[in-house]
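# Chain and residue survey
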Amino acid sequence: MIDKTSPMPLYFQIEEAIKQKIDKGEWEAETMIPSEREFSLNYEVSRMTVRQAINNLVNDGYLTRRKGKGTFVSAKKIEQKLLGLTSFTEDMKSRGYKPASRLISFQKTTAENRLAKALEIEEGQEIYEIKRVRLANDIPMAFETTYVPVDLLELNESHIKEGSLYSEVENAGFVIDYATQSLEASISREAESEILEITKGAAVLLIKRQTYLTTGRPLELVHSVYRGDRYKFMIDMKRI
């Protein structure tokens, strides 16, 4: 129940009531929650108030909207610790998930100035551009665009469809050394939303990774869009 005499906003009280049901396990993952109309009748508040509470919970990752179906309790987020350099495939397997990739496009193109500088090659040099959807247990987790110099490694579509790029690199005799990575919060655009099966404007994580070989040469530049409702990154920090 909510207390209309409380100084706490009504939408916030509804949010807390829904969170309690989720945290206590009364509403399990993938459960469809009542409609705005049902909430409005049950709590005797306007649908606008209910909508604000639900929007906040969607943005916070507690709930997920599915077009034409309704609003559901979100599945538990996959956690990735930022301690070591692993591929998406390796990371999902280590957590007991079945990793997969859906290839959107695979092509050779020429590096414009920005990409050439990042990959330390000449402007106009050939690179692979690989666009993939990364899945865990058949659920889209990330939309990834990868750039790799053509002169470094011979790749084809079957390499990308059937396994990890890092495995192909190591099988070719290269040793991956380290990567620099940045993360920032954003909202999904229309094309990304369709690919990741989320609503336009949903919370996402933008990740840029630059990976290097032991020779010091850049291996790849990767731009990824991760679903904010399915994925979170963790890091352990020690005071220095």
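Since the model is a prediction, treat every value here as computed from it, not as a measurement.

## Structural notes on the packing of helix α2 (residues 36-43) against helix α3 (residues 47-59)
Relative orientation and spacing of two packed helices are given, respectively, by the angle between their axes and the distance between those axes. Two elements in contact, α2 and α3, have axes whose closest approach is 9 Å; the angle formed by their N-to-C orientations is 115°. Crossing handedness for the pair α2 and α3: right-handed. Seen from α2, the contacting residues are Glu36, Arg37, Phe39 and Ser40; seen from α3, they are Arg47, Val50, Arg51 and Ile54. Classifying every residue of the contact of α2 with α3 by side-chain character gives 3 nonpolar, 1 polar and 4 charged.

## Some details on α3
Here α3 contains 13 residues, and its C-alpha end-to-end distance of 18 Å stays within 8% of the 18 Å for a straight helix at 1.5 Å per residue. When α3 is considered as a whole, its buried residues turn out to be Thr49, Val50, Ala53, Ile54, Leu57 and Val58. Buried residues belonging to α3 abut α1 (10-23), α2, β1 (63-66) and β2 (70-73). Positive phi appears at Gly61, one or two residues downstream of α3, with a value of about 90°.

## Considerations on the nonpolar core
The biggest cluster of nonpolar side chains holds 17 residues, and the ones touching the most others in it are Ile14, Phe39 and Leu63. Looking at this core, the elements with two or more residues in it are α1, α2 and α3. Here Ile14 is in contact with Ile2, Tyr43, Val45, Thr49, Val50 and Ala53, once residues within four sequence places are set aside. Leu103, Ile130, Val169 and Ile176 belong to the second-largest nonpolar core, a separate cluster that totals 16 residues.

## Considerations on the pairing of strand β8 (residues 203-213)
Burial analysis of β8 places 8 of its 11 residues in the buried class, which makes it a mostly covered element. Relative to strand β9 (residues 218-227), β8 runs antiparallel, the two sharing 9 bridges. Pairing of Arg209 across the sheet is with Val222, part of β9.

## Some remarks on the side chain of Arg134
Along the polypeptide, Arg134 turns up in strand β5 (residues 126-136). Within the structure, Arg134 has its side chain in polar contact with the side chain of Glu144 (distance 2.9 Å). In this structure Arg134 touches Phe88, Thr89, Ala100, Ser101, Ile139, Pro140, Met141, Ala142 and Glu144, once residues within four positions along its chain are discounted.

Conventions and cut-offs
- Residues numbered from 1 in each chain as written.
- Predicted model: local features only at pLDDT ≥ 70, side-chain atom pairs only at ≥ 80, totals over all residues.
- Heavy atoms only, no water.
- Axes fitted to C-alpha atoms, helices over the stretch in contact; angles between N-to-C directions.
- Helix = DSSP H or I, 4+ residues; strand = E, 2+ residues; numbered from the N terminus.
- Left-handed = near helix turned anticlockwise from the far one by under 90°.
- Contact = heavy atoms within 4.5 Å.
- Nonpolar A, V, L, I, M, F, W, Y, C, P; charged D, E, K, R; others polar.
- Expected span 1.5 Å × (residues − 1).
- Buried < 20%, exposed > 50% of the residue type's maximum accessible area, 1.4 Å probe, protein only.
- Core = buried A, V, L, I, M, F, W, Y, C linked by side-chain atoms within 4.5 Å.
- Pairing = 2+ DSSP bridges.
- Polar contact = N/O pair within 3.5 Å; in protein donor to acceptor, adjacent residues only side chain to side chain.

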